[in-house]
Amino acid sequence: MAVHEILKMGDARLLRIARPVTEFGTPELKTLIADMFDTMKAANGAGLAAPQIGVDLRVVIFGYDRNPRYPDAPPVPPTVLINPVIEVLDGGLVEGWEGCLSVPGLRGVVARHQRLRYQGLDADGQAIDRIAEGFHARVVQHECDHLDGVLYPMRVRDFSRFGYTSVLFPELDPNADD
């Protein structure tokens, strides 16, 4: 398939609210999803939303066994999630460091819900209904934010905990977010 350019913060297309997918199982949708996985893997991403490659649809992907950008994070199952709906469960908000392929080279602390249920559809229109917690829940919330034009720096509350990855985490590859 193909690796696409990832839009960077400042591009107005990242601020739009994405449109719902209405047709499933199409060759176009399957190509989009394959391209998104290729693009995410090429960038060492934990997830990717269609708006990040300029496609105005409510499609997110996420998942990995191991991720060099988040070496301490547990595996997240590879998932295609279309037209997602998130329901917050118990567990409260937990702060954690986040980065983004659309905000390369930076990290910030963001409060996210600890436990949630996410529902949506896969590429063939089959229902997905899962419970997620911890980093898995953080990834889902981060990617779904992209569908509503929200980038993680918009959720940073304390800018003393926002900065360059190479300064904050010198043990990580300084090019990991590029």
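Trainee: What is the right way to look at the packing of aromatic side chains in this model?
Mentor: We describe a pair of aromatic rings using the distance from one ring centre to the other and the angle between the two ring planes. Taken as a whole and judged by the stated rule, the model has six aromatic pairs. Ring geometry for Y64 against F135: centres 6.5 Å apart, planes inclined by 70 degrees, an arrangement best described as edge-to-face. In this pair, Y64 sits in strand β2 (residues 59–64) while F135 sits in helix α2 (residues 134–147), placing the two residues 71 residues apart along the sequence. Accessibility classification places Y64 together with F135 in one group, the buried group. Taking the centre distance of 5.1 Å and the plane angle of 90 degrees together, the rings of W97 and F169 count as edge-to-face. Residue W97 is found in strand β4 (residues 93–100), and its partner F169 is found in the segment after α3 (165–168); the two are separated by 72 residues along the sequence. Overall, W97 belongs to the partly exposed group, its relative accessible area being 31%. Taking relative accessible area as the criterion, F169 reaches 16% and is therefore assigned buried. Among the aromatic residues, those joined into a cluster by ring pairs are Y64, Y70 and F135.

Trainee: Is there a simple way to think about the sheet that holds strand β5 (residues 103–113) in this case?
Mentor: By way of backbone hydrogen bonds, the strands of a sheet pair with one another, either parallel or antiparallel. Ordered by their spatial adjacency, three strands build an open sheet running β4-β5-β8, and the pairing between neighbours is antiparallel. Only two strands of the sheet have a single partner each, and these edge strands are β4 and β8 (162–164). Along the sheet, successive strands turn relative to each other by an average axial angle of 20 degrees, direction set aside. With three bridges joining them, β5 and β8 adopt antiparallel strand pairing. If you follow G108 over to β8, its bridge partner there is F162.

Trainee: Can you walk me through the environment of I33 in this structure?
Mentor: Relative to the helices and strands, I33 resides in helix α1 (residues 27–42). Residue class for I33 comes out buried when judged on its relative accessible area of 7%. For the pair I33 and E143, spaced 110 residues apart in the sequence, the C-alpha separation amounts to 14 Å. Beyond its immediate sequence surroundings of up to four residues, I33 is in contact with V59, I61, V80, I82 and A123.

Trainee: How should I be thinking about the pairing of β2 in this particular structure?
Mentor: Both faces of the sheet carry side chains from a regular strand, because those side chains alternate between them. Most of β2 sits inside the fold, with six of its six residues counted as buried. In β2, alternate side chains face the same way, and those of V59, I61 and G63 on one face and V60, F62 and Y64 on the other are all buried.

Trainee: Would you take a moment to explain α1 for this structure?
Mentor: Three or four residues apart is the spacing at which side chains of an α-helix point the same way, because the helix has 3.6 residues per turn. For α1, built from 16 residues, the straight-helix expectation of 22 Å at 1.5 Å per residue is met to within 8% by its first-to-last C-alpha distance of 22 Å. For α1, the full list of buried residues reads L29, L32, I33, D35, M36, F37, T39 and M40. Downstream of α1 by one or two residues, N44 has phi in the positive range, about 55 degrees.

Trainee: What am I meant to see in the sheet that holds strand β6 (residues 115–121) here?
Mentor: With antiparallel pairing, five strands are arranged side by side in an open sheet as β1-β2-β3-β6-β7. One side of each edge strand has no neighbouring strand; the edge strands of this open sheet are β1 (47–49) and β7 (127–133). Along the sheet, successive strands turn relative to each other by an average axial angle of 40 degrees, direction set aside. With five bridges connecting them, strand β3 (residues 76–88) and β6 associate as antiparallel partners.

Trainee: Sorry, what's going on with the nonpolar core here?
Mentor: Note on soluble globular proteins: their nonpolar side chains tend to be buried together. Counting residues in each nonpolar core, the largest one holds 20 residues, and the members touching the most others are V60, F62, L81, Y118 and F135. Where this core is concerned, the elements lending two or more residues are β2, β3, β6, β7 and α2. At six residues, α2 tops the list of elements feeding residues into this core. Those residues in contact with V60 that lie beyond four places of it in its chain are M36, L48, A49, T79, V80, L81, E143, C144 and L147. Listed in part, the 19 residues of the second largest apolar core include L32, M36, F37 and I61.

Criteria and cut-off values
Here the residue numbering is sequential within each chain, running from 1 through the sequence in written order. Owing to the predicted nature of the model, reporting of local features is limited to residues with pLDDT of at least 70; listing and counting of side-chain atom pairs is limited to 80 or more, with chain, interface and lining totals taken over all residues. Side-chain measures were taken over the full set of non-hydrogen atoms in the model, leaving aside hydrogen atoms and water. Only centres within 6.5 Å qualify two rings of Phe, Tyr or Trp (six-membered ring in Trp) as a pair; their planes then separate them into stacked at under 30 degrees, edge-to-face at over 60, and tilted for everything else. Helix and strand assignments follow DSSP, with helices taken as H or I runs no shorter than four residues and strands as E runs no shorter than two, numbered in order from the N terminus. Buried means the residue's accessible area, taken with a 1.4 Å probe over protein chains only, is under 20% of the maximum for its type, while exposed means over 50%, and partly exposed covers the values in between. Should DSSP find at least two bridges between two strands, the strands are regarded as paired. Helix axes use the C-alpha atoms of the stretch in contact, all axes being lines fitted to C-alpha atoms, and the angles between their N-to-C directions lie in the range 0 to 180 degrees. Contacts are residue-level and defined by heavy atoms, with any inter-residue pair within 4.5 Å sufficient. A helix is expected to span 1.5 Å multiplied by its residue count minus one. Joining through side-chain atoms within 4.5 Å is the link that ties buried Ala, Val, Leu, Ile, Met, Phe, Trp, Tyr and Cys residues into a set, and such a set is a nonpolar core.

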